[in-house]
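Reading the structure
Spelled out, the chains give:
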Amino acid sequence: MKKKLLIALGLSGIIAASVAVGAYAASDIKLFVNGKKTTASVEIIDGSSYVPLKFVAEALGQEVRWDEAKREIHIGKEADTSLVGYSRSNPAPVNTTLTFKKESILENYEGEVSIKDVIRGNDAWALIKNTNKFNSPPAEGKEYMLVNATVKITGNQKKDTKVDISSVHFTLVSTQGKDYDAISVVSPAPTINTSLYVGAENTGWFALQVDKKDTSPLITYARANDGTGGVWFKTK
């Protein structure tokens, strides 16, 4: 028993010494960030290097935030969602409400617009065909897209003047960046076409035609004549 106890004590001493040596070795490791030496404490555990996350992030010029409620660590600035939907490069998802302003020589009004639903392919053609028997099938290589949108007018410089809302105000832009031509189709009721005074809104359908292979076209509304501005939506 005495021999076993001595062996156990000896092993404990070896383990303690190993830990001490490991800790001492870790203190000799230097961390450089962008060529600059830091004072971070680096540890090697099972062959992997460990450095405090907050220290490295701040050395890289990034903020570190801890969300206690969600148990999440966030590095860097929070995404600026205020710009989503206001450029072709950053379109808004379906069911997002965006504010817009239409300014021209003849009109100057503002409001809110959202895309509620998008249906394309055979399902869209079935609805269009049932709406009016004179509606033609889509062109070769193309398919219909039915869009349900809501437009609300919140301001108008011309007081007590109505604003005409039409499907032609919505433009479908291909993934490659080319405007699709407007089409003449009787859309399912209720349609988006109407006239609104300030404070009123309308929700309705309108039809577009898209290349079958174009999986991610965008819808824009209230663009300027040169294609700038306006609001932009994804279609899926």
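So, a few notes on the structure that sits alongside this text. Bear in mind that the values here come from a model prediction, so they are computed numbers and not experimental data.

Re the overall build of the chain
- Within the chain, the regular secondary structure consists of 3 helices and 15 strands.
- For the chain, the share of sequence-separated contacts (at least 6 apart) that also reach a separation of at least 24 residues comes to 59%.
- Of the roughly 15700 Å² of accessible surface on the chain, 54% is carried by carbon and sulfur atoms.

Comments concerning unusual backbone geometry
- That bond from Ala189 to Pro190 is cis: its omega, -5°, falls within 30 degrees of zero.
- Of note, the phi angle at Asn95 is positive, near 75°, even though the residue is not glycine.
- Relative to the assigned elements, Asn95 resides in the loop between β6 (72–75) and β7 (97–103).
- A relative accessible area of 54% means that Asn95 is categorised as exposed.
- Even without glycine at this site, Ala222 takes up a positive phi of about 65°.
- By secondary structure assignment, the location of Ala222 is in the loop between β14 (218–221) and β15 (231–234).

Remarks on the pairing of β6
- Pairing analysis gives 4 bridges linking strand β5 (residues 64–67) to β6, with the strands arranged antiparallel. In the sheet register, Val64 faces β6, and the bridge partner there is Ile75.
- Hairpin connection of β5 to β6: 4 residues between the antiparallel strands, including Arg71 at a positive phi of 60°.

Topic: the packing of aromatic side chains
- For the structure shown, the criterion picks out 5 aromatic pairs.
- Here Phe170 and Tyr221 contribute two aromatic rings whose centre-to-centre distance is 4.5 Å and whose plane-to-plane angle is 40°, an arrangement assigned as tilted. Highlighted residues: Phe170 in strand β11 (residues 170–173) and Tyr221 in strand β14, separated in sequence by 51 residues.
- An aromatic cluster is present here, built from Phe100, Tyr109, Phe170, Phe206 and Tyr221 joined pairwise through their rings.

Side note on the sheet that holds β7
- Taken in spatial order, the 4 strands of this open sheet run β7-β8-β9-β13, and their pairing is antiparallel. Looking at the sheet topology across the chains shown, the edges are occupied by β7 and β13 (201–211). Each strand axis lies, on average, 35° off the axis of its neighbour in the sheet, ignoring direction.
- In this structure, strand β9 (residues 142–156) lies alongside β13, joined through 11 bridges in antiparallel fashion. Counterpart to Lys152 in the pairing with β13 is Glu201.
- Set on the sheet, helix α3 (residues 122–131) makes contact with β8 (108–120), β9 and β13; between it and β9 the angle comes to about 75°.

Focus: the pairing of β8
- Both β7 and β8 contribute to a ladder of 7 bridges, which runs antiparallel. Bridge pairing in β8 places Lys102 opposite Tyr109.

Observations concerning the pattern of salt bridges
- Tallied over the full model, the rule gives 6 salt bridges.
- In this structure, the salt-bridge partner of Glu68 is Arg71, at a minimum N-O distance of 3.3 Å.
- The class for Arg71 is exposed, based on a relative accessible area of 58%.
- For Asp179, the salt bridge goes to Arg223, with nearest N and O atoms at 2.7 Å.

Calculation rules
- Residue numbers here run from 1 along each chain, matching the order of that chain's written sequence.
- Thresholds applied to this predicted model are a pLDDT of at least 70 for local features of residues and 80 or more for the giving and counting of side-chain atom pairs; totals over whole chains, interfaces and linings are not thresholded and use all residues.
- Values reported for side chains reflect all heavy atoms of the structure, with hydrogen atoms and water molecules removed beforehand.
- Going along the chain from the N terminus, every DSSP run of H or I of four or more residues is numbered as a helix, and every run of E of two or more is numbered as a strand.
- A contact between two residues is defined here by any heavy atoms of the two lying within 4.5 Å.
- Where accessible areas are quoted, they stem from the Shrake-Rupley method and a 1.4 Å probe; at the residue level, only the protein chains shown are allowed to cover.
- Per-residue accessibility, obtained with a 1.4 Å probe over protein chains only, is compared with the maximum for each type, and a residue is labelled buried under 20%, exposed over 50%, and partly exposed between these values.
- The pairing criterion is simple: DSSP has to find at least two bridges between the two strands.
- Think of it this way: a Phe, Tyr or Trp ring, Trp meaning its six-membered ring, pairs with another when their centres are within 6.5 Å, and the plane angle makes it stacked under 30 degrees, edge-to-face over 60, tilted otherwise.
- Convention adopted: a line fitted to C-alpha atoms gives each axis, helices being fitted over their contacting stretch, and angles between N-to-C directions are expressed from 0 to 180 degrees.
- Salt bridge, as used here, is a side-chain nitrogen of Lys or Arg placed within 4 Å of a carboxyl oxygen of Asp or Glu.

In short, the description is geometric, and any link to function would need to be established separately.
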